[in-house]
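# Observations on the model geometry
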Amino acid sequence: MRILIGGVEGAPATAPDSSFDEAAPSATSFPAESHAIERSRAGFGGLPAGTYEVKAQFKVGNAGTTLSLFAWYLNAERSQLG
């Protein structure tokens, strides 16, 4: 899962081996999963004033796999330093 802000991946960038959710290989084994993501795009001085499209993207490792999200929300905040 990655978040694009104005067409640029938010920081910190998604690690290639990160996992938002995955099927447990057995009833007693549970893989590491995040289930929450927080990203930002700023840098010194932040972004200039304007409108920015925010997109959430995901990919699956197997073409037969689907991802369903229930009761989710995307919260975008603007902050001003100084």
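Given the structure is predicted, the values throughout are model-derived calculations rather than measurements.

Looking now at the overall build of the protein chain. In terms of helices and strands, the protein chain carries 0 helices and 3 strands. Its helices and strands in sequence order give the protein chain the pattern β-β-β, from N to C terminus. Taking the contacts inside the protein chain whose residues are at least 6 apart along the sequence as the reference set, 57% of them involve residues at least 24 apart. With the model as given, the accessible surface of the protein chain reaches about 7,100 Å², and the carbon-plus-sulfur share is 53%.

A few words now on a nonpolar patch on the surface. Together, Val54, Leu69, Trp72 and Leu74 line one region of the surface with nonpolar side chains, adding up to about 390 Å² of accessible area. Note on placement: Leu69 falls in the segment after strand E3 (54–57).

It is worth spelling out unusual backbone geometry at this point. Backbone torsion omega between Ala11 and Pro12 reads -5°, so that peptide bond is classified as cis. On the secondary structure map, Pro12 appears in the loop between strand E2 (8–9) and E3.

Consecutive residues of a regular strand have side chains that alternate between opposite faces of the sheet. One ladder, built from 4 bridges, connects strand E1 (residues 2–5) with E3; its direction is antiparallel. Note that in E3 the partner of Ile3 across the bridge is Ala56. The pairing of E1 with E2 spans 2 bridges and is antiparallel. Bridging from a neighbouring strand, Ile5 pairs with Val8 of E2. What sits between the antiparallel neighbours E1 and E2 is a turn of 2 residues, in which Gly6 has the positive phi angle 60°.

The next point concerns the sheet that holds E1. In spatial order, the strands read E2-E1-E3; together these 3 strands make up an open sheet with antiparallel pairing. The open sheet terminates on both sides in strands that have one partner only, identified here as E2 and E3.

About the thresholds
- Residues numbered from 1 in each chain as written.
- Predicted model: local features only at pLDDT ≥ 70, side-chain atom pairs only at ≥ 80, totals over all residues.
- Heavy atoms only, no water.
- Helix = DSSP H or I, 4+ residues; strand = E, 2+ residues; numbered from the N terminus.
- Contact = heavy atoms within 4.5 Å.
- Areas by Shrake-Rupley, 256 points an atom, 1.4 Å probe, with all protein chains shown as cover.
- Patch = residues over 30% accessible without salt bridge, like charges linked within 9 Å, V, L, I, M, F, W, Y side chains within 5 Å.
- Salt bridge = Lys/Arg side-chain N within 4 Å of Asp/Glu carboxyl O.
- Pairing = 2+ DSSP bridges.

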